[in-house]
Amino acid sequence: ITSRLEAISLAGNKLQGLHGLPPGLVSLRAPSNWIRFSASDPVRFSFARELPHLEEIDLSANEISDIAVFSGLRHLRTLELTRNRIYSLSGLRGCRRLAYLGLRDNIVTDFDLDAAEAPMLATLDVFNNRLRVVPASIADFAYLAKANFVKNDLEKVEVHGSPAESLRELRLSENPLLVRKSGGVVDMALWRAKFPGLKTLYLDICNIRQLAQSSGEGVWPSVFNLSLRGNSLHPSLALDFSCLCHLKNLYAPDTQMVLPRVLPPLNNLLQLVLCNAGLAQLPDNMGAALPQLRLLDVSNNLELVDLTPILQLSSSLEVLKCRAIGFGLALHDTGNLTPVTPAIAKWTPGVETFPGQDGGALEECAMLRRLAGLRRLRRLDLRFNRCTIELYAPPPPAASALDSVLSPQIPSTSVMGESGLPSASPMSGGASACRFDEESWIRQDQAHVASLKLTRQTGLIQRRDNYWGLAVALFPRLEELDGIKAGSR
(Lines give C-alpha, C1' and ligand atoms only; values in the text may rest on other atoms or scores of the structure.)
Protein backbone atom coordinates (compact mmCIF):
# COMPACT_ATOMS: atom_id res chain seq x y z
CA ILE A 1 0.00 0.00 0.00
CA THR A 2 2.74 2.46 0.96
CA SER A 3 4.43 2.00 -2.40
CA ARG A 4 1.43 3.61 -4.06
CA LEU A 5 1.20 6.61 -1.71
CA GLU A 6 1.45 9.98 -3.46
CA ALA A 7 0.68 12.37 -0.59
CA ILE A 8 1.43 12.26 3.13
CA SER A 9 1.02 14.67 6.05
CA LEU A 10 3.20 14.33 9.14
CA ALA A 11 2.54 17.64 10.89
CA GLY A 12 3.43 18.02 14.54
CA ASN A 13 5.06 14.63 15.19
CA LYS A 14 8.47 15.68 16.60
CA LEU A 15 10.20 14.02 13.66
CA GLN A 16 13.96 14.52 13.35
CA GLY A 17 14.38 12.96 9.90
CA LEU A 18 12.52 11.68 6.84
CA HIS A 19 14.29 8.41 6.11
CA GLY A 20 12.14 5.49 4.94
CA LEU A 21 9.32 7.39 3.25
CA PRO A 22 7.76 5.87 0.09
CA PRO A 23 9.86 6.99 -2.90
CA GLY A 24 6.81 7.63 -5.05
CA LEU A 25 5.55 10.57 -2.98
CA VAL A 26 4.40 13.61 -4.91
CA SER A 27 3.27 15.76 -1.97
CA LEU A 28 4.98 15.94 1.44
CA ARG A 29 3.70 18.01 4.36
CA ALA A 30 5.64 17.79 7.62
CA PRO A 31 5.44 21.19 9.35
CA SER A 32 6.07 21.72 13.08
CA ASN A 33 8.64 18.98 13.61
CA TRP A 34 12.33 18.90 14.61
CA ILE A 35 13.78 18.18 11.17
CA ARG A 36 17.19 19.74 10.60
CA PHE A 37 19.25 17.67 8.05
CA SER A 38 22.49 18.18 9.92
CA ALA A 39 25.81 18.04 8.06
CA SER A 40 27.12 15.76 10.82
CA ASP A 41 24.68 12.97 9.94
CA PRO A 42 26.46 9.71 8.92
CA VAL A 43 24.46 9.63 5.68
CA ARG A 44 23.43 13.04 4.48
CA PHE A 45 19.80 13.14 3.38
CA SER A 46 19.09 14.02 -0.26
CA PHE A 47 15.57 14.60 -1.50
CA ALA A 48 16.66 13.97 -5.10
CA ARG A 49 17.86 10.50 -4.07
CA GLU A 50 15.18 9.52 -1.54
CA LEU A 51 12.04 11.25 -2.91
CA PRO A 52 12.79 12.22 -6.52
CA HIS A 53 9.16 12.66 -7.62
CA LEU A 54 8.14 15.36 -5.14
CA GLU A 55 6.21 18.29 -6.58
CA GLU A 56 5.09 19.92 -3.32
CA ILE A 57 7.01 20.24 -0.04
CA ASP A 58 5.89 21.96 3.18
CA LEU A 59 8.46 21.80 5.97
CA SER A 60 7.47 24.95 7.84
CA ALA A 61 8.46 25.42 11.48
CA ASN A 62 11.40 23.02 11.49
CA GLU A 63 15.14 23.54 12.06
CA ILE A 64 16.46 23.38 8.51
CA SER A 65 19.47 25.59 7.78
CA ASP A 66 20.83 24.16 4.53
CA ILE A 67 18.58 24.63 1.50
CA ALA A 68 20.92 22.51 -0.63
CA VAL A 69 19.15 19.30 0.47
CA PHE A 70 16.35 20.20 -1.97
CA SER A 71 18.66 20.49 -4.96
CA GLY A 72 18.05 18.24 -7.93
CA LEU A 73 14.27 17.93 -7.50
CA ARG A 74 13.38 18.26 -11.15
CA HIS A 75 9.60 18.06 -10.57
CA LEU A 76 9.40 20.38 -7.56
CA ARG A 77 6.90 23.23 -7.99
CA THR A 78 6.17 24.42 -4.43
CA LEU A 79 8.71 24.72 -1.61
CA GLU A 80 7.44 26.11 1.72
CA LEU A 81 10.13 26.66 4.37
CA THR A 82 8.59 29.29 6.64
CA ARG A 83 10.12 29.57 10.14
CA ASN A 84 13.33 27.66 9.63
CA ARG A 85 16.99 28.72 9.82
CA ILE A 86 17.79 29.32 6.16
CA TYR A 87 20.54 31.92 5.76
CA SER A 88 21.58 31.48 2.12
CA LEU A 89 19.90 30.49 -1.14
CA SER A 90 23.00 29.81 -3.23
CA GLY A 91 22.88 26.08 -2.48
CA LEU A 92 19.54 25.53 -4.21
CA ARG A 93 20.23 24.06 -7.63
CA GLY A 94 18.52 22.04 -10.31
CA CYS A 95 14.91 22.94 -9.41
CA ARG A 96 13.96 23.99 -12.88
CA ARG A 97 10.19 23.75 -12.36
CA LEU A 98 10.04 25.55 -9.01
CA ALA A 99 7.24 28.14 -9.15
CA TYR A 100 6.73 29.06 -5.48
CA LEU A 101 9.41 29.62 -2.83
CA GLY A 102 8.22 30.51 0.68
CA LEU A 103 10.92 31.64 3.12
CA ARG A 104 9.05 33.70 5.70
CA ASP A 105 10.68 34.17 9.09
CA ASN A 106 14.15 32.91 8.23
CA ILE A 107 17.54 34.65 8.46
CA VAL A 108 18.37 35.15 4.78
CA THR A 109 20.86 38.02 4.46
CA ASP A 110 21.52 37.99 0.73
CA PHE A 111 19.25 37.14 -2.19
CA ASP A 112 21.85 34.98 -3.93
CA LEU A 113 19.58 32.49 -5.71
CA ASP A 114 20.80 31.76 -9.21
CA ALA A 115 18.00 32.37 -11.72
CA ALA A 116 19.39 29.61 -13.95
CA GLU A 117 18.73 27.06 -11.20
CA ALA A 118 15.07 28.08 -10.72
CA PRO A 119 14.09 29.66 -14.05
CA MET A 120 10.32 29.15 -13.60
CA LEU A 121 10.05 30.91 -10.23
CA ALA A 122 6.81 32.94 -10.19
CA THR A 123 6.25 33.77 -6.50
CA LEU A 124 8.90 34.67 -3.94
CA ASP A 125 8.06 35.29 -0.27
CA VAL A 126 10.94 36.41 1.97
CA PHE A 127 8.85 38.23 4.57
CA ASN A 128 10.71 38.98 7.82
CA ASN A 129 14.26 38.09 6.88
CA ARG A 130 17.46 40.15 7.00
CA LEU A 131 17.88 41.24 3.41
CA ARG A 132 19.46 44.66 2.86
CA VAL A 133 19.18 44.96 -0.90
CA VAL A 134 16.66 44.05 -3.57
CA PRO A 135 19.25 43.19 -6.24
CA ALA A 136 19.08 44.21 -9.85
CA SER A 137 19.42 40.51 -10.70
CA ILE A 138 15.76 40.04 -9.77
CA ALA A 139 15.15 40.85 -13.42
CA ASP A 140 16.86 37.57 -14.37
CA PHE A 141 13.81 35.61 -13.18
CA ALA A 142 11.80 35.80 -16.38
CA TYR A 143 8.55 34.49 -14.84
CA LEU A 144 8.67 36.17 -11.42
CA ALA A 145 5.28 37.86 -10.94
CA LYS A 146 5.03 38.37 -7.14
CA ALA A 147 7.78 39.27 -4.67
CA ASN A 148 7.30 39.94 -0.96
CA PHE A 149 10.19 41.71 0.82
CA VAL A 150 8.12 43.06 3.73
CA LYS A 151 9.82 43.54 7.11
CA ASN A 152 13.44 43.06 6.16
CA ASP A 153 16.39 45.42 6.66
CA LEU A 154 16.24 46.85 3.16
CA GLU A 155 18.35 49.91 2.49
CA LYS A 156 18.12 49.97 -1.28
CA VAL A 157 16.27 48.75 -4.35
CA GLU A 158 18.69 48.46 -7.23
CA VAL A 159 16.92 50.03 -10.19
CA HIS A 160 19.77 49.78 -12.68
CA GLY A 161 20.30 47.02 -15.19
CA SER A 162 17.72 45.09 -17.16
CA PRO A 163 14.02 45.72 -16.46
CA ALA A 164 12.04 43.18 -14.42
CA GLU A 165 9.33 42.95 -17.04
CA SER A 166 7.43 40.01 -15.53
CA LEU A 167 6.99 41.47 -12.02
CA ARG A 168 3.36 42.41 -11.28
CA GLU A 169 3.24 42.72 -7.47
CA LEU A 170 6.02 44.09 -5.26
CA ARG A 171 5.73 44.36 -1.46
CA LEU A 172 8.39 46.49 0.26
CA SER A 173 6.48 47.61 3.36
CA GLU A 174 7.96 48.00 6.85
CA ASN A 175 11.48 48.73 5.66
CA PRO A 176 12.03 52.15 7.27
CA LEU A 177 15.56 52.56 5.83
CA LEU A 178 14.51 51.81 2.26
CA VAL A 179 14.81 55.36 0.90
CA ARG A 180 17.02 56.96 3.56
CA LYS A 181 19.96 57.39 1.18
CA SER A 182 17.73 59.22 -1.32
CA GLY A 183 16.32 61.57 1.30
CA GLY A 184 12.94 59.85 1.43
CA VAL A 185 12.33 60.31 -2.31
CA VAL A 186 11.06 57.58 -4.64
CA ASP A 187 12.06 58.49 -8.18
CA MET A 188 9.18 57.11 -10.21
CA ALA A 189 11.03 57.59 -13.47
CA LEU A 190 13.74 55.12 -12.40
CA TRP A 191 11.28 52.70 -10.82
CA ARG A 192 9.10 52.78 -13.93
CA ALA A 193 12.10 51.84 -16.06
CA LYS A 194 13.02 48.96 -13.73
CA PHE A 195 9.48 47.65 -13.19
CA PRO A 196 7.59 48.53 -16.40
CA GLY A 197 4.82 45.95 -15.85
CA LEU A 198 4.25 46.46 -12.12
CA LYS A 199 0.56 46.61 -11.16
CA THR A 200 0.58 46.55 -7.34
CA LEU A 201 3.13 48.32 -5.13
CA TYR A 202 3.19 48.30 -1.31
CA LEU A 203 5.36 50.97 0.36
CA ASP A 204 3.83 51.10 3.84
CA ILE A 205 5.92 52.46 6.71
CA CYS A 206 9.00 53.24 4.63
CA ASN A 207 9.52 56.88 5.70
CA ILE A 208 8.73 58.11 2.21
CA ARG A 209 8.42 61.87 1.82
CA GLN A 210 8.00 62.24 -1.90
CA LEU A 211 6.96 60.22 -4.94
CA ALA A 212 7.94 62.19 -8.02
CA GLN A 213 9.99 62.12 -11.19
CA SER A 214 13.55 63.41 -11.12
CA SER A 215 13.45 64.62 -14.71
CA GLY A 216 11.13 64.79 -17.66
CA GLU A 217 7.49 63.91 -17.87
CA GLY A 218 5.90 60.53 -18.14
CA VAL A 219 3.27 58.17 -16.83
CA TRP A 220 3.65 54.86 -15.02
CA PRO A 221 0.77 53.26 -16.91
CA SER A 222 0.92 49.80 -15.37
CA VAL A 223 0.47 50.72 -11.67
CA PHE A 224 -3.13 50.10 -10.58
CA ASN A 225 -2.78 49.61 -6.81
CA LEU A 226 -0.62 51.74 -4.51
CA SER A 227 -0.39 51.45 -0.71
CA LEU A 228 1.39 54.21 1.26
CA ARG A 229 0.18 53.61 4.81
CA GLY A 230 2.08 55.16 7.69
CA ASN A 231 4.63 57.24 5.82
CA SER A 232 5.59 60.91 6.07
CA LEU A 233 4.02 62.85 8.95
CA HIS A 234 5.99 66.11 8.81
CA PRO A 235 6.28 67.43 6.22
CA SER A 236 3.29 66.12 4.32
CA LEU A 237 3.85 63.46 1.69
CA ALA A 238 4.21 64.92 -1.79
CA LEU A 239 2.62 62.69 -4.42
CA ASP A 240 2.78 63.41 -8.15
CA PHE A 241 -0.68 62.25 -9.24
CA SER A 242 0.03 63.06 -12.88
CA CYS A 243 2.48 60.12 -13.04
CA LEU A 244 -0.14 57.72 -11.70
CA CYS A 245 -3.11 58.58 -13.84
CA HIS A 246 -4.04 54.91 -14.30
CA LEU A 247 -4.41 54.16 -10.58
CA LYS A 248 -7.42 52.11 -9.54
CA ASN A 249 -6.82 51.94 -5.78
CA LEU A 250 -4.90 54.35 -3.55
CA TYR A 251 -4.57 53.37 0.11
CA ALA A 252 -2.80 55.93 2.33
CA PRO A 253 -4.11 56.01 5.91
CA ASP A 254 -1.84 57.39 8.63
CA THR A 255 0.04 59.38 6.01
CA GLN A 256 -0.25 63.14 6.22
CA MET A 257 -1.01 64.45 2.78
CA VAL A 258 -2.15 67.71 1.22
CA LEU A 259 -4.35 67.22 -1.83
CA PRO A 260 -4.11 69.83 -4.59
CA ARG A 261 -7.06 72.13 -5.10
CA VAL A 262 -7.33 70.76 -8.64
CA LEU A 263 -6.60 67.09 -9.16
CA PRO A 264 -5.30 65.81 -12.51
CA PRO A 265 -7.68 63.37 -14.18
CA LEU A 266 -7.67 59.95 -12.47
CA ASN A 267 -10.31 58.39 -14.67
CA ASN A 268 -9.71 54.81 -13.46
CA LEU A 269 -9.57 55.40 -9.69
CA LEU A 270 -12.12 53.21 -7.89
CA GLN A 271 -11.04 53.37 -4.22
CA LEU A 272 -9.45 56.25 -2.31
CA VAL A 273 -8.60 55.77 1.38
CA LEU A 274 -7.15 58.82 3.15
CA CYS A 275 -8.21 58.34 6.77
CA ASN A 276 -6.10 60.05 9.41
CA ALA A 277 -4.28 62.00 6.71
CA GLY A 278 -4.50 65.48 8.22
CA LEU A 279 -6.79 66.68 5.43
CA ALA A 280 -8.24 70.16 5.76
CA GLN A 281 -9.93 70.30 2.38
CA LEU A 282 -10.85 68.17 -0.61
CA PRO A 283 -10.12 69.03 -4.25
CA ASP A 284 -12.65 71.32 -5.92
CA ASN A 285 -12.93 69.12 -9.03
CA MET A 286 -13.54 65.68 -7.52
CA GLY A 287 -16.41 64.93 -9.87
CA ALA A 288 -14.40 65.71 -13.00
CA ALA A 289 -11.13 64.17 -11.78
CA LEU A 290 -12.61 61.00 -10.25
CA PRO A 291 -15.53 60.00 -12.49
CA GLN A 292 -15.33 56.28 -11.57
CA LEU A 293 -14.71 56.57 -7.81
CA ARG A 294 -16.78 54.00 -5.89
CA LEU A 295 -15.25 54.08 -2.41
CA LEU A 296 -14.07 57.12 -0.45
CA ASP A 297 -12.78 56.97 3.14
CA VAL A 298 -11.78 60.29 4.74
CA SER A 299 -12.36 59.27 8.36
CA ASN A 300 -10.52 60.86 11.27
CA ASN A 301 -9.59 64.10 9.53
CA LEU A 302 -10.67 66.50 12.23
CA GLU A 303 -9.90 69.62 10.19
CA LEU A 304 -12.02 68.47 7.26
CA VAL A 305 -15.14 70.63 7.39
CA ASP A 306 -16.47 71.09 3.89
CA LEU A 307 -17.83 67.94 2.24
CA THR A 308 -19.37 69.78 -0.70
CA PRO A 309 -16.85 68.35 -3.24
CA ILE A 310 -18.09 64.84 -2.39
CA LEU A 311 -21.50 65.72 -3.80
CA GLN A 312 -19.91 65.85 -7.26
CA LEU A 313 -19.47 62.06 -7.09
CA SER A 314 -23.19 61.34 -7.31
CA SER A 315 -22.88 59.29 -10.49
CA SER A 316 -20.39 56.75 -9.15
CA LEU A 317 -19.91 56.75 -5.35
CA GLU A 318 -21.17 53.59 -3.62
CA VAL A 319 -19.27 53.60 -0.29
CA LEU A 320 -18.66 56.72 1.81
CA LYS A 321 -16.88 56.62 5.18
CA CYS A 322 -16.69 59.84 7.17
CA ARG A 323 -16.15 58.69 10.74
CA ALA A 324 -14.84 61.27 13.20
CA ILE A 325 -14.26 64.21 10.88
CA GLY A 326 -14.48 67.87 11.80
CA PHE A 327 -17.74 69.06 10.33
CA GLY A 328 -21.10 69.83 11.92
CA LEU A 329 -24.50 70.80 10.61
CA ALA A 330 -27.01 73.39 11.71
CA LEU A 331 -30.48 73.73 10.26
CA HIS A 332 -30.90 76.83 8.16
CA ASP A 333 -33.40 77.74 5.52
CA THR A 334 -30.68 77.50 2.90
CA GLY A 335 -29.73 73.98 3.94
CA ASN A 336 -26.05 74.80 3.45
CA LEU A 337 -23.24 73.12 5.27
CA THR A 338 -22.13 75.23 8.22
CA PRO A 339 -18.72 74.70 9.80
CA VAL A 340 -18.86 73.92 13.49
CA THR A 341 -16.01 73.52 15.94
CA PRO A 342 -15.31 69.77 16.10
CA ALA A 343 -16.45 69.25 19.67
CA ILE A 344 -18.02 66.03 20.86
CA ALA A 345 -21.47 66.20 22.40
CA LYS A 346 -21.70 64.57 25.80
CA TRP A 347 -24.59 63.45 27.95
CA THR A 348 -25.19 61.95 31.37
CA PRO A 349 -26.60 58.39 31.32
CA GLY A 350 -30.08 58.20 32.79
CA VAL A 351 -30.85 61.86 32.18
CA GLU A 352 -33.14 62.80 29.27
CA THR A 353 -31.62 65.20 26.75
CA PHE A 354 -33.56 67.77 24.81
CA PRO A 355 -32.89 69.30 21.38
CA GLY A 356 -31.48 72.82 21.33
CA GLN A 357 -33.25 75.81 19.86
CA ASP A 358 -31.21 75.49 16.66
CA GLY A 359 -32.62 72.05 15.95
CA GLY A 360 -29.57 70.23 17.30
CA ALA A 361 -31.43 66.95 17.60
CA LEU A 362 -32.18 67.07 13.89
CA GLU A 363 -28.64 67.80 12.74
CA GLU A 364 -28.06 64.20 11.75
CA CYS A 365 -31.14 64.29 9.50
CA ALA A 366 -30.02 67.56 7.93
CA MET A 367 -26.65 65.95 7.23
CA LEU A 368 -28.35 63.04 5.46
CA ARG A 369 -30.44 65.40 3.34
CA ARG A 370 -27.28 67.23 2.36
CA LEU A 371 -25.88 63.95 1.01
CA ALA A 372 -29.13 62.89 -0.64
CA GLY A 373 -27.71 63.45 -4.12
CA LEU A 374 -25.50 60.40 -3.68
CA ARG A 375 -28.26 58.06 -4.78
CA ARG A 376 -25.96 55.14 -5.58
CA LEU A 377 -24.69 54.75 -2.01
CA ARG A 378 -24.72 51.20 -0.69
CA ARG A 379 -22.67 51.82 2.45
CA LEU A 380 -22.59 55.02 4.46
CA ASP A 381 -20.66 55.53 7.70
CA LEU A 382 -21.06 58.79 9.65
CA ARG A 383 -20.39 57.51 13.15
CA PHE A 384 -18.63 59.43 15.91
CA ASN A 385 -19.23 62.87 14.41
CA ARG A 386 -20.66 65.85 16.28
CA CYS A 387 -24.25 65.13 15.30
CA THR A 388 -24.17 61.31 15.55
CA ILE A 389 -22.01 60.71 18.61
CA GLU A 390 -25.05 60.43 20.88
CA LEU A 391 -26.86 57.94 18.69
CA TYR A 392 -24.43 55.04 19.04
CA ALA A 393 -22.09 53.36 21.46
CA PRO A 394 -18.49 54.58 21.38
CA PRO A 395 -15.99 52.43 19.49
CA PRO A 396 -14.13 49.65 21.34
CA PRO A 397 -10.56 50.44 22.50
CA ALA A 398 -7.89 50.07 19.85
CA ALA A 399 -5.94 46.82 20.06
CA SER A 400 -2.87 47.86 18.09
CA ALA A 401 -1.47 50.94 16.44
CA LEU A 402 -0.75 49.61 12.96
CA ASP A 403 -1.82 46.39 11.32
CA SER A 404 0.86 44.82 9.14
CA VAL A 405 -1.54 43.17 6.71
CA LEU A 406 -3.25 45.82 4.60
CA SER A 407 -4.63 46.01 1.13
CA PRO A 408 -5.92 48.81 -1.01
CA GLN A 409 -8.84 46.52 -1.78
CA ILE A 410 -9.96 46.29 1.85
CA PRO A 411 -10.04 49.73 3.45
CA SER A 412 -11.83 48.66 6.65
CA THR A 413 -9.63 50.51 9.10
CA SER A 414 -10.72 52.41 12.19
CA VAL A 415 -9.20 55.75 12.95
CA MET A 416 -10.38 56.25 16.50
CA GLY A 417 -8.16 56.83 19.47
CA GLU A 418 -8.01 54.57 22.49
CA SER A 419 -10.48 56.74 24.37
CA GLY A 420 -13.25 55.88 21.96
CA LEU A 421 -13.52 59.51 20.79
CA PRO A 422 -11.67 61.37 18.06
CA SER A 423 -8.24 62.49 19.17
CA ALA A 424 -7.49 66.14 19.64
CA SER A 425 -5.02 66.17 16.78
CA PRO A 426 -5.52 64.20 13.57
CA MET A 427 -1.90 63.13 13.49
CA SER A 428 -1.40 62.45 17.21
CA GLY A 429 -0.33 59.03 18.43
CA GLY A 430 -3.81 58.12 19.65
CA ALA A 431 -5.31 58.72 16.23
CA SER A 432 -3.52 56.00 14.34
CA ALA A 433 -5.65 53.94 12.01
CA CYS A 434 -6.27 50.82 14.09
CA ARG A 435 -8.18 47.86 12.77
CA PHE A 436 -11.80 48.33 13.76
CA ASP A 437 -13.62 45.29 15.13
CA GLU A 438 -17.10 45.84 13.73
CA GLU A 439 -18.67 42.74 15.30
CA SER A 440 -17.47 43.74 18.74
CA TRP A 441 -18.79 47.26 18.27
CA ILE A 442 -22.21 46.00 17.08
CA ARG A 443 -22.57 43.93 20.26
CA GLN A 444 -21.59 46.98 22.28
CA ASP A 445 -24.11 49.12 20.41
CA GLN A 446 -26.88 46.60 21.03
CA ALA A 447 -26.12 46.83 24.74
CA HIS A 448 -26.13 50.62 24.41
CA VAL A 449 -29.63 50.58 22.88
CA ALA A 450 -30.85 48.29 25.64
CA SER A 451 -29.44 50.72 28.18
CA LEU A 452 -31.25 53.64 26.53
CA LYS A 453 -34.52 51.74 26.73
CA LEU A 454 -33.88 50.74 30.32
CA THR A 455 -33.24 54.34 31.35
CA ARG A 456 -36.19 55.51 29.21
CA GLN A 457 -34.19 57.91 27.07
CA THR A 458 -36.98 57.99 24.51
CA GLY A 459 -35.68 61.15 22.88
CA LEU A 460 -32.44 59.54 21.77
CA ILE A 461 -34.21 56.37 20.67
CA GLN A 462 -36.64 58.40 18.57
CA ARG A 463 -33.80 60.41 17.05
CA ARG A 464 -32.02 57.23 16.09
CA ASP A 465 -35.16 55.71 14.53
CA ASN A 466 -35.88 58.90 12.57
CA TYR A 467 -32.28 59.04 11.38
CA TRP A 468 -32.42 55.46 10.13
CA GLY A 469 -35.82 55.88 8.52
CA LEU A 470 -34.70 58.94 6.62
CA ALA A 471 -31.48 57.25 5.46
CA VAL A 472 -33.39 54.28 4.04
CA ALA A 473 -35.81 56.65 2.29
CA LEU A 474 -33.09 58.87 0.79
CA PHE A 475 -30.75 56.12 -0.41
CA PRO A 476 -32.75 53.38 -2.14
CA ARG A 477 -29.68 51.11 -2.59
CA LEU A 478 -28.50 51.39 1.00
CA GLU A 479 -27.28 48.06 2.41
CA GLU A 480 -25.32 49.27 5.43
CA LEU A 481 -25.53 52.41 7.57
CA ASP A 482 -22.94 53.20 10.23
CA GLY A 483 -21.65 49.64 10.31
CA ILE A 484 -25.11 48.04 10.71
CA LYS A 485 -26.80 46.05 7.97
CA ALA A 486 -29.97 47.75 6.75
CA GLY A 487 -31.75 44.39 6.54
CA SER A 488 -31.03 43.53 10.17
CA ARG A 489 -32.33 46.96 11.16
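Residues numbered from 1 in each chain as written. Predicted model: local features only at pLDDT ≥ 70, side-chain atom pairs only at ≥ 80, totals over all residues. Heavy atoms only, no water.

**Here's the deal with helix α5 (residues 438-454)**
Reasoning step 1: Given a rise of 1.5 Å per residue, 17 residues ought to cover 24 Å, and the 24 Å separating the end C-alpha atoms of α5 matches this to within 8%.
Reasoning step 2: Listing the buried residues of α5 in full gives Trp-441, Asp-445, His-448, Val-449 and Leu-452. Buried residues of α5, seen end-on, are gathered within an arc of 100° and therefore sit on one face of the element. Opposite the buried face of α5, by more than 90 degrees, sit the exposed residues Glu-439, Arg-443, Gln-446, Lys-453 and Leu-454.
Reasoning step 3: On its buried face, α5 sits against α6 (458-474) and β22 (484-485).
Reasoning step 4: Capping the start of α5 is the job of one residue whose side-chain oxygen sits 3.4 Å from the backbone nitrogen of Glu-439: Asp-437. (Helix = DSSP H or I, 4+ residues; strand = E, 2+ residues; numbered from the N terminus. Expected span 1.5 Å × (residues − 1). Buried < 20%, exposed > 50% of the residue type's maximum accessible area, 1.4 Å probe, protein only. Arc of directions from axis to C-beta. Contact = heavy atoms within 4.5 Å. Polar contact = N/O pair within 3.5 Å; in protein donor to acceptor, adjacent residues only side chain to side chain.)

**Brief notes about empty space enclosed by the protein**
Reasoning step 1: This structure, assessed with the given rule, holds 3 cavities of 30 Å³ or more.
Reasoning step 2: Its volume calculated, the second largest cavity comes out at about 40 Å³.
Reasoning step 3: Lining the second largest cavity are Phe-241, Leu-250, Leu-259, Leu-263, Leu-266, Leu-269, Leu-272 and Leu-290.
Reasoning step 4: Considered class by class, the residues forming the lining of the second largest cavity number 8 nonpolar, no polar and no charged. (1 Å grid on protein atoms, 1.4 Å probe; cavity = no way out; pocket = protein on both sides within 12 Å on 5 of 7 lines; lining within 4 Å. Points joined across faces, edges and corners; volume = space filled by probe spheres on them. Nonpolar A, V, L, I, M, F, W, Y, C, P; charged D, E, K, R; others polar.)

**Side note on the packing of α5 against α6**
Reasoning step 1: Two numbers describe how α5 lies on α6: the axes approach to 8 Å, and their chain directions differ by 130°. When the axis of α5 is compared with that of α6, the two are oblique. The chirality of how α5 crosses α6 is left-handed. Every residue of α6 that contacts α5 at Asp-445, His-448, Val-449, Leu-452 and Lys-453 is listed here: Leu-460, Ile-461 and Arg-464. (Axes fitted to C-alpha atoms, helices over the stretch in contact; angles between N-to-C directions. Parallel < 35°, antiparallel > 145°, perpendicular 65-115°, else oblique. Left-handed = near helix turned anticlockwise from the far one by under 90°.)

**A short note on helix α4 (residues 363-370)**
Reasoning step 1: Among the 8 residues in α4, 6 count as buried, and that is most of the element.
Reasoning step 2: For α4, every residue scored as buried is listed here: Glu-363, Glu-364, Cys-365, Ala-366, Met-367 and Leu-368.
Reasoning step 3: Structurally, α4 contributes buried residues whose contacts are with β20 (379-381) and α6.

**Overview of the pattern of salt bridges**
Reasoning step 1: Under the counting rule described, the total for this entry stands at 21 salt bridges.
Reasoning step 2: Residue Asp-58 is joined to Arg-29 by a salt bridge in which the shortest nitrogen-to-oxygen separation is 3.6 Å. A residue pair is termed long-range when its members are at least 10 positions apart, and Asp-58 in strand β3 (residues 56-58) and Arg-29 in strand β2 (residues 27-29) qualify at 29 residues.
Reasoning step 3: Linking Arg-378 and Glu-479 is a salt bridge whose minimum nitrogen-to-oxygen distance equals 3.6 Å. Of this pair, Arg-378 sits in the loop between α4 and β20 while Glu-479 sits in the loop between α6 and β21 (480-481), and the two are 101 residues apart along the sequence. (Salt bridge = Lys/Arg side-chain N within 4 Å of Asp/Glu carboxyl O.)

**Digging into the nonpolar core**
Across soluble globular proteins, you tend to see nonpolar side chains buried next to one another.
Reasoning step 1: One finds Phe-47, Leu-59, Phe-70, Phe-149 and Leu-172 to be the most contacted residues of the largest nonpolar core, which totals 125 residues.
Reasoning step 2: Those elements giving two or more residues to this core turn out to be α2 (188-194), α3 (286-289), α4 and α6.
Reasoning step 3: Looking at this core, the element that brings in the most residues is α6, giving 5 residues.
Reasoning step 4: Setting aside its immediate chain neighbours within four residues, Leu-59 contacts Leu-18, Ala-30, Pro-31, Ile-35, Phe-37, Phe-47, Ile-64, Phe-70, Glu-80, Leu-81 and Asn-84.
Reasoning step 5: Counting 5 residues, the second-largest nonpolar core is a separate cluster that includes Tyr-251, Val-273, Leu-295 and Val-319. (Core = buried A, V, L, I, M, F, W, Y, C linked by side-chain atoms within 4.5 Å.)

**Section: unusual backbone geometry**
Reasoning step 1: Despite not being glycine, Asn-300 has its phi angle at roughly 60°, a positive value.
Reasoning step 2: Taking relative accessible area as the criterion, Asn-300 reaches 0% and is therefore assigned buried.
Reasoning step 3: At Asp-482, a residue that is not glycine, the phi angle is positive and equals roughly 55°.
Reasoning step 4: Positionally, Asp-482 belongs in the loop between β21 and β22.
Reasoning step 5: With a relative accessible area of 0%, Asp-482 lands in the buried category.

**Re the confidence of the model for the protein**
Reasoning step 1: Scored by pLDDT, the protein comes out at a mean of 84, with 82% of its residues at no less than 70.
Reasoning step 2: The low-confidence segment residues 399-434 (pLDDT under 50) makes 109 contacts with residues lying over four places distant or belonging to another chain. (pLDDT = per-residue confidence, 0-100.)

**A few points about the packing of aromatic side chains**
Reasoning step 1: Considering all chains together, one arrives at 9 aromatic pairs under this definition.
Reasoning step 2: Consider the rings of Phe-45 and Phe-47, whose centres lie 4.9 Å apart with planes at 80°: the pair is edge-to-face.
Reasoning step 3: For Phe-45, a relative accessible area of 5% translates into the label buried.
Reasoning step 4: Relative to Phe-149, the ring of Phe-111 lies with its centre 6.5 Å away and its plane at 80°, an arrangement referred to as edge-to-face. Of this pair, Phe-111 sits in the loop between β5 (100-102) and β6 (123-125) while Phe-149 sits in the loop between β8 (146-148) and β9 (156-157); the two residues are 38 residues apart in sequence, bridging distant segments of the chain. Like Phe-149, Phe-111 is buried.
Reasoning step 5: The rings of Phe-37, Phe-45, Phe-47 and Phe-70 are connected pair by pair, giving a single aromatic cluster. (Phe/Tyr/Trp six-rings, centres within 6.5 Å; stacked < 30°, edge-to-face > 60°.)

**Observations regarding the environment of Ser-88**
Reasoning step 1: Counting through the fold element by element, Ser-88 comes out in the loop between β4 (78-80) and β5.
Reasoning step 2: In sequence terms Ser-88 and Ile-67 are 21 residues apart; their C-alpha atoms lie 7.5 Å from each other.
Reasoning step 3: Sequence-distant contacts of Ser-88, defined by excluding residues within four places in its chain, comprise Ile-67 and Asp-112.
Reasoning step 4: Side-chain polar atoms of Ser-88 contact the side chain of Ser-90, separated by 3.1 Å.
Reasoning step 5: A distance of 2.9 Å separates a polar atom in the side chain of Ser-88 from a polar atom in the side chain of Asp-112.

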